[in-house]
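Letter by letter, the chains look like this.
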Amino acid sequence: MSKDQSLGVTSEAYSMTMTTSACGSKSNDAPHSNHSAPVKAARKLNTFFGVMVPNVLSMFSIVLLLRTGFVVGHAGLLEGLSILVVAYIIVSLTILSICAISTNGAIQAGGAYYMISRSLGPEFGGSIGLMFFLAKVCACGEYVLGLVEAILDAIGVDPNSSGGIQVLPQGYWYNLLYSAVVLLLCLVVCLVGAHIYSRTAFVILVLITISLLSIFISSVIVKPREFLITYHGSGNQTAHFNASYTGFNASTLRNNLGPGYSLDYSTNTVMSYASVFAVLFTSCTGIMAGANMSGDLKNPSVAIPKGTITAVLYAFIIYVLLFILVGATCDRTLLINDYGFLQKINIWPPFVTVGICCSALSAAMCAMIGASRILHALALDDLFGLPLAPATITSKSGNPWVAVLYTWGLAQCVVFAGQLNAIASLVTVFYLLTYAAVDLACLALELASAPNFRPTFQLFSWHTCLLGVVSCVVMMFVINPVYSSGSIVILLLLLLFLHYRSPTSSWGYISQALIFHQVRKYLLMLDVRKDHVKFWRPQVLLMVANPRSSCQLIQFVNQLKKGGLFVLGHVQLGDLDILPSDPVQQQYNFWLRLVDKLGVKAFVDLTLSPSVRQGTQHLLRITGLGGMKPNTLVLGFYDSCTPEDFFLQDSAFCDSSMRRATEDEFNFGVDLPSLQAHFPPVRHVESPRWLSPEEYVGILSDAIKMSKNVCLARYFFQLEGEGKDSKVDGSERTIDVWPLNLLQPCSREYQDVCSLFLLQMACVLNMSNKWRRAQMRIFLNVETESSDQGWVVNEETFRELLRKLRIRASIKIVPWDSVLKHHVHLNEEPPQALSEDFLCAVNCMLTEHSSQAAVRFLYLPRPPAHHSQSQQYLSHVEAVTNSLGPTLLIHGVTPVTYTEL
């Protein structure tokens, strides 16, 4: 074997125990093992307390009692109901996806993030998870602002007004102070634990239910009233509005049916369908509240679907009834100019005040708890490294108190917005993006048709998932194109960050399932009966014995494949009958890791066989699928040269490499020392051969019989600049092509199948990235001293052929009369007629004209029919190519050129 030791054979099995150290395993094994007992102890919540109650409270939030009049007043009853229906259609489609994913396996802490990341992989899951966390943080701040607004409506006095009793002073900084106090209260409750909140939440739900009952009863008992609403604008301007509560009145209902968009007194901006939708949709964000508590649920796969669907139906009915009630009893002026009007028309106003405070406070606490759980899950998965590392810390009961502090600090920043309506659009866009991701995750799982995706919840299809994705994205841009574009840009930046950080997980990649599904479909469409020569491309099987001595050749063939199939083949000697298990299966990860390190686009195919020749036959027959099967076999040259160890030369394979720490962090269980230890040292000069000359030549004959083109590569250990980090563009390189069969001097044919294949392969190399600027030279051997001057005509014919084939190359005429003098018996077939003088003369001619070439393409004669001539055949080829430098000897059997359109 030469230094290009590329014929696939090893003499013994190498086995190693592989340990996966991916982010998925880190997150699912290491961190969870530290807190496994507390986490299990924290799973105390059932469907009602853990899912339904948080969902209902989050969907009521501040919108139910503080923005119902805002929606009906600006949009009218009909458009308000249409907004509600559109919002709940989007929500319902997402719920179907949530139910499908949550019933397809055990769900851990993290809720929506856990579903998305385990379905779509770490890059998409991590980026969406962080966006969802930010959405929850913004929602928490929004609910707190709503609560402060309700409190000030009840017991606060405008500082510009001289009337009333000033209990709480108002103003921007006062509002921030009140918001900070409310957030501190939420922080205390959340630090105590989710199970304490769930029991408190039930009491809150009872109080809100009493408040709702009082509103419905008041609509019948309370008599019509008139109100004077006064606002102080900029400067000394004062606005007065006469508003009325009419009770159930047909005229009031009729006047409130149509839209009446006007100025929003809290933000001084004119409302529209989109802005009203944005405010209302914040009430629909509660569908994830139960899913976000997945780490605290006894049986999340059962509780999440049942609790979520029940909560959504209940909330929708309540909203519809309340819309109709306020639309039929209050005039538009009251609805638009007093968002706290429900307190004024109640039989006892504190009922509504308590209801608003309870709903807003519970929604804020639910958002804070949900956000902290998402952040904790992100930190455990170690997707963002050190910035989120402290969020993995939990209390003895399993409460992620550091993640709660993160959430509280960010929510404190959100309340600087000052007004609820000011951040409603941002919150809604973030939530819609998350819902679209959940629908996309379910759509991907459905389209992948994986056998293990069989959720117990069956009321969904790819149609509902796709409709959910489209509706979410459309409504995002309808609400606010700037926020939507910005959120997508942030999402893409997070995706790029996580992609280049290269997190590897044990969760499974939906992309792999989708790729498999599509590849299988297109492979079936790739019909070999429709192959045409003008679309031919090399599909290479490179046999590799030991990658340590073959890396340069592997990288060179990667340039030669021209978008075709490239397979690294390897034969391990052995007999499966006498082995306890297949040793080949354990080696694939090491070979794939090698492919990653070299940066080549290659597949790996290994086999176990009693002989190298038989193993190569196996690979030639079975490698590939359908129309993607190798048509060219590449082997290293068979000679007595001592191979060099490429692993000792390339810094990428050395322990001192600066990139080792980052590259080996996610490596599918094969780090650099394991990779180096797996492949045996290169063959020593005195080491026994595992392949005889007869068997080597037999492999060539077998490939030709199977209609495969054959290439023998020699001296490629001398080739430089083929590495993935090399900046070589070929401008200083030369490709030399000798299309004549130099070992058969009587042949003067330059246009046979083999010669044309030789030209095609050289042209393909010249089109690759690292060789595109290389100069290609074609050498024509002629007998200038012959009386027959037909070589002149042959030269013109050859130039015309190159023009038709669109091959740009310079033609060099090489007289070889002096070489032919050493070959006496021109009528005999080789190899009998080739003398050592002739072989030496040919080698000298090649050295004289091609010594400076980067690579040479030579015509490889057909192997002898009888194995007794194998040694002589190899010695002839070895003598001709001796000390030439990187040389590729090619024997083509496939027509590959086409001159017509």
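The residue numbering used here restarts from 1 in each chain and proceeds along that chain's sequence as written. Given that this is a predicted model, residues contribute local features only at a pLDDT of at least 70 and side-chain atom pairs are listed and counted only at 80 or more, while totals for whole chains, interfaces and linings are drawn from all residues. Excluded from the side-chain calculations are hydrogens and water; all other atoms, namely the structure's heavy atoms, are used.

A. Geometry of the overall build of the protein chain. Secondary structure elements follow DSSP: runs of H or I of four or more residues count as helices, runs of E of two or more count as strands, with numbering from the N terminus. When you go through the protein chain residue by residue, the secondary structure sums to 33 helices and 16 strands. Throughout, exposure labels follow a simple rule: accessible area from a 1.4 Å probe, protein chains only, divided by the maximum for the residue type, with under 20% read as buried, over 50% as exposed, and the rest as partly exposed. Buried residues in the protein chain amount to 56% of all 901 residues. Surface accessibility in these figures is a Shrake-Rupley result with a 1.4 Å probe; residues are shielded only by whichever protein chains are displayed. Within the structure as shown, the protein chain displays about 37300 Å² of accessible surface, and the carbon and sulfur contribution to it stands at 60%.

B. Representation of the pairing of strand β11 (residues 709-714). Buried residues dominate β11, accounting for six of its six residues. The alternating pattern of β11 places Asn709, Cys711 and Ala713 on one face and Val710, Leu712 and Arg714 on the opposite face, and all of these are buried.

C. Looking closely at the confidence of the model for the protein chain. As a per-residue measure, pLDDT tells how confident the predictor is, with possible values from 0 to 100. For the protein chain, the mean per-residue pLDDT works out to 82, and 86% of the residues sit at or above 70. The lowest-confidence element of the protein chain is helix α1 (residues 23-28), averaging 38 in pLDDT; the highest-confidence one is strand β7 (residues 540-543), averaging 96. Pairs of residues are marked as contacts when any of their non-hydrogen atoms sit within 4.5 Å. Considering only residues more than four positions removed or in separate chains, one finds that residues 656-665, a stretch of pLDDT under 50, has 15 contacts. The model gives residues 826-831 a pLDDT under 50, and that stretch makes nine contacts with residues more than four places away or in other chains.

D. Main features of the sheet that holds strand β8 (residues 566-573). Two strands are said to pair when DSSP picks up at least two bridges between them. Taking strand neighbours across the sheet as the criterion, the ten strands line up as β9-β8-β7-β10-β11-β16-β15-β12-β13-β14 in an open arrangement whose pairing is mixed. Whereas interior strands pair on both sides, the edge strands pair on one side only; in this sheet they are β9 (603-609) and β14 (810-815). Shown here is a sheet whose adjacent strand axes are inclined to one another by a mean of 25 degrees, direction ignored. With seven bridges joining them, β8 and β9 adopt parallel strand pairing. Bridge assignment links Leu573 to a residue of β9, and that residue is Ser609. Lines are fitted to the C-alpha atoms to define the axes, a helix being fitted only along its stretch in contact, and any angle between axes, read from their N-to-C directions, falls within 0 to 180 degrees.

E. Local environment of the pattern of salt bridges. When a carboxyl oxygen of Asp or Glu is within 4 Å of a side-chain nitrogen of Lys or Arg, the pair counts as a salt bridge. If you walk through the whole model with that rule in mind, you get nine salt bridges. Residues Asp527 and Arg529 are paired through a salt bridge, measuring 2.8 Å at the closest nitrogen-oxygen approach. Residue classification places Arg529 among the exposed residues on the basis of a relative accessible area of 74%. Glu800 is the salt-bridge partner of Arg803, the closest N and O atoms lying 2.2 Å from each other. With Arg803 and Glu800 both in helix α30 (residues 790-804) and three residues apart, this pair spans about one turn of that helix.

F. Spotlight on the packing of helix α28 (residues 693-705) against helix α33 (residues 870-880). Interaxial distance between α28 and α33 falls to 8 Å at its minimum, and their mutual angle equals 80 degrees. Classed by the angle they form, the pair α28 and α33 counts as roughly perpendicular. On α33, the residues that touch Pro693, Glu694, Tyr696, Val697 and Leu700 of α28 are Ser870, Gln871, Tyr873 and Leu874. Here the nonpolar group is Ala, Val, Leu, Ile, Met, Phe, Trp, Tyr, Cys and Pro; Asp, Glu, Lys and Arg are the charged ones; every other residue, Gly included, is treated as polar. Considering only residue class, the contact of α28 with α33 consists of six nonpolar, two polar and one charged. Any angle that falls under 35 degrees is termed roughly parallel, while one over 145 is termed roughly antiparallel, one within 65 to 115 roughly perpendicular, and all others oblique.

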